[in-house]
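Examining the three-dimensional arrangement
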Amino acid sequence: ALTLYMEVEQKRFEDGFEFIVDVDPAINTDRFIIPPMIIQPFVENAIWHGLLHKNENREISLTIEKSNDGIIVYVKDNGIGREMAESLGENQRLKRKSLGMQITESRISLLNEVHRSDYNVEVIDLKDQDGNATGTEVRIRLRSLEKTVAA
């Protein structure tokens, strides 16, 4: 579903953007469950906050790696950065906190309660050696919720 969403968004941008997906082969994708709509709001923010005002070489990568007790999902863009996106302020959508982000944060809190886990989200502002924004990276840590297979 996320790949289809990205294909639609790529068509909405005049010059498009590149979307790279890399899933760790050690993850059994037939058995591992990622709660629905956990990753999409972060990808959406990368597009509309990071890449919207960038004119060329736009890229978003989605990397999913196995960790000791689950997975880490990395959503990384090479956009203008959160600070610049906020300062542009001409677009009301960029001025207010994303409803999708608020809902996702609430869902993660609920998942932590229900599964007694420590899912968390970390947002990192990427900068070059001179301190200039080079994009944003979101790290989503999820504990294993493997499907049980009936015998």
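In case you missed it, the structure is sitting above this.
Throughout what follows, the structure given in this document is the object of discussion.

How each quantity is defined
- In this convention, every chain numbers its residues from 1, walking through the sequence in written order.
- Only residues with pLDDT of 70 or above have their local features reported here, since the model is predicted, and side-chain atom pairs are shown and tallied only from 80 upward, although totals for entire chains, interfaces and linings are computed over all residues.
- For side-chain calculations, the full set of non-hydrogen atoms in the structure is used, while hydrogens and water are omitted.
- By the convention used here, strands pair only if DSSP detects at least 2 bridges between them.
- A helix here means a DSSP run of H or I that spans at least four residues, while a strand means a run of E at least two residues long, and both kinds are numbered starting from the N terminus.
- Helix axes are fitted to C-alpha atoms over the stretch in contact, other axes to C-alpha atoms as well, and angles between N-to-C directions run from 0 to 180 degrees.
- Here the nonpolar core consists of buried residues drawn from Ala, Val, Leu, Ile, Met, Phe, Trp, Tyr and Cys, with membership extended through side-chain atoms lying within 4.5 Å.
- Each residue's exposure class comes from its accessible area (1.4 Å probe, protein chains only) as a fraction of the maximum for that residue type: buried when under 20%, exposed when over 50%, partly exposed otherwise.
- In what follows, residue pairs with any heavy atoms lying within 4.5 Å of each other are defined as contacts.

1. Points about the sheet that holds strand β1 (residues 18–23)
With mixed pairing, the five strands of this open sheet are ordered in space as β1-β2-β3-β5-β4. The outermost strands of the open sheet, each flanked by one partner alone, are β1 and β4 (120–127). Strand-to-strand twist across the sheet, computed as the mean angle between neighbouring axes with direction ignored, equals 15°. Bridge analysis of β1 against strand β2 (residues 59–67) gives six bridges, and the strand direction is parallel. By the bridge assignment for β2, E18 is matched with E59.

2. Thoughts on the nonpolar core
One finds I47, I60, V73 and V75 to be the most contacted residues of the largest nonpolar core, which totals 29 residues. Listing elements by their share of this core, those giving two or more residues are α1 (2–12), α2 (40–51), β2, β3 (70–77), α5 (99–115) and β5 (133–143). When residues of this core are assigned to their parent elements, the largest contribution, six residues, is made by α2. What V75 contacts, discounting residues up to four positions off in sequence, is I39, F42, V43, A46, I60, S61, L62, T136, E137 and V138.

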